[in-house]
Amino acid sequence: MLRFKDDDVKFTVMRRVKDWFRQAEAALSSAKKNMELGDFWVSCFMAHQAAEYALKGVFQSFGVERRGHSVYRLLEELNAPQEILELGRRLDRHYLQSRYVNTFHEGAPLDYYGRGDAEEAVRCGERILEFCRRSVQKDW
């Protein structure tokens, strides 16, 4: 169990966990709104971001600041179940490909993303956020 010597440190860590989760919820909300607007590439990227933010909140709850953008690798470090790891693997495909033209032979990312992609990404993001909420260190 993580112990803090200084109450200010404890308060700061607690606040940052909440901040990460607030940001995760906002990103997931943005993913859903962009899906309804037909901006499927944005929806996929924001679903990835939601998962990444929530995972960083989990690490913060253990007093660890974790860097990196691979949802799969972050989940792996938390010993997530295989089905959750697979969701992270699916979302990781959207981190670069949804945003950069040079990830495709021709055309722009917006040409390659559809409603089905966005719906799947949002579902993955929702499930990973649920996993993260259950994984947060509650014993401050």
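This text follows the structure it describes.
Quick look at the structure, then.

Definitions and cut-offs
Residues numbered from 1 in each chain as written. Predicted model: local features only at pLDDT ≥ 70, side-chain atom pairs only at ≥ 80, totals over all residues. Heavy atoms only, no water. Helix = DSSP H or I, 4+ residues; strand = E, 2+ residues; numbered from the N terminus. Buried < 20%, exposed > 50% of the residue type's maximum accessible area, 1.4 Å probe, protein only. Contact = heavy atoms within 4.5 Å. Phe/Tyr/Trp six-rings, centres within 6.5 Å; stacked < 30°, edge-to-face > 60°. Core = buried A, V, L, I, M, F, W, Y, C linked by side-chain atoms within 4.5 Å. Disulfide = S-S within 2.5 Å. Salt bridge = Lys/Arg side-chain N within 4 Å of Asp/Glu carboxyl O. Axes fitted to C-alpha atoms, helices over the stretch in contact; angles between N-to-C directions. Parallel < 35°, antiparallel > 145°, perpendicular 65-115°, else oblique. Left-handed = near helix turned anticlockwise from the far one by under 90°. Nonpolar A, V, L, I, M, F, W, Y, C, P; charged D, E, K, R; others polar.

1. Looking at the overall build of the protein
Part 1 of the argument: From N to C terminus, the protein includes five helices and zero strands.
Part 2 of the argument: Going from N to C terminus, the protein has its helices and strands arranged as α-α-α-α-α.
Part 3 of the argument: When the 140 residues of the protein are sorted by exposure, 41% land in the buried category.
Part 4 of the argument: Long-range pairs, those at least 24 residues apart, make up 62% of the contacts in the protein with a sequence separation of at least 6.

2. Describing the packing of aromatic side chains
Part 1 of the argument: With the rule as written, the count across this model stands at three aromatic pairs.
Part 2 of the argument: Ring geometry for Trp20 versus Tyr53: centroids 6.0 Å apart, planes at 40 degrees, classification tilted. Placement of Trp20 in helix 1 (residues 7-37) and of Tyr53 in helix 2 (residues 40-61) is noted, with a sequence separation of 33 residues between them.
Part 3 of the argument: Judged by centre distance (6.2 Å) and plane angle (35 degrees), the ring pair of Phe45 and Tyr95 falls under tilted. A residue pair is termed long-range when its members are at least 10 positions apart, and Phe45 in helix 2 and Tyr95 in helix 4 (residues 82-97) qualify at 50 residues. The same class applies to Phe45 and to Tyr95, which are both buried.

3. Details of the nonpolar core
Part 1 of the argument: Grouped together as the largest cluster of nonpolar side chains are 41 residues, with contacts concentrated most on Phe21, Leu55, Leu75, Ile84, Leu91, Ile128 and Cys132.
Part 2 of the argument: Put simply, the parts of the chain that give this core at least two residues each are helix 1, helix 2, helix 3 (71-77), helix 4 and helix 5 (115-135).
Part 3 of the argument: When residues no more than four places from it in sequence are discounted, the contact partners of Leu91 are Ala47, His48, Ala51, Ala121, Cys124, Gly125 and Ile128.

4. With respect to the state of the cysteines
Part 1 of the argument: Following the criterion strictly, the structure yields zero disulfides and no others.
Part 2 of the argument: Left without a disulfide partner, Cys44 is nearest to the cysteine sulfur of Cys124, which lies 9.4 Å away.
Part 3 of the argument: Residue classification places Cys44 among the buried residues on the basis of a relative accessible area of 0%.

5. What about the pattern of salt bridges?
Oppositely charged side chains are able to pair whenever their charged atoms sit close together.
Part 1 of the argument: Evaluation of the coordinates by the stated rule reveals 13 salt bridges.
Part 2 of the argument: Residues Asp19 and Arg16 are paired through a salt bridge, measuring 3.6 Å at the closest nitrogen-oxygen approach. Of this pair, Asp19 and Arg16 both sit in helix 1, separated by three residues, roughly a single helical turn.
Part 3 of the argument: We note a salt bridge from Glu86 to Arg90, for which the minimum N-O separation is 3.6 Å. Taken together, the positions of Glu86 and Arg90, both in helix 4 and four residues apart, correspond to about one turn of that helix.
Part 4 of the argument: Where salt bridges share partners, they join Glu86, Arg89, Arg90 and Glu120 into one cluster.

6. Concerning the packing of helix 2 against helix 4
Part 1 of the argument: Closest axis-to-axis distance for the helix 2/helix 4 pair is 8 Å, and the angle between their directions is 120 degrees. With respect to helix 4, the axis of helix 2 lies oblique. Crossing handedness for the pair helix 2 and helix 4: left-handed. Contacts from Cys44, Phe45, Ala47, His48, Gln49, Ala51 and Glu52 in helix 2 reach Leu91, Asp92, His94 and Tyr95 in helix 4.
Part 2 of the argument: In terms of residue class, the contact of helix 2 with helix 4 is made up of six nonpolar, three polar and two charged.

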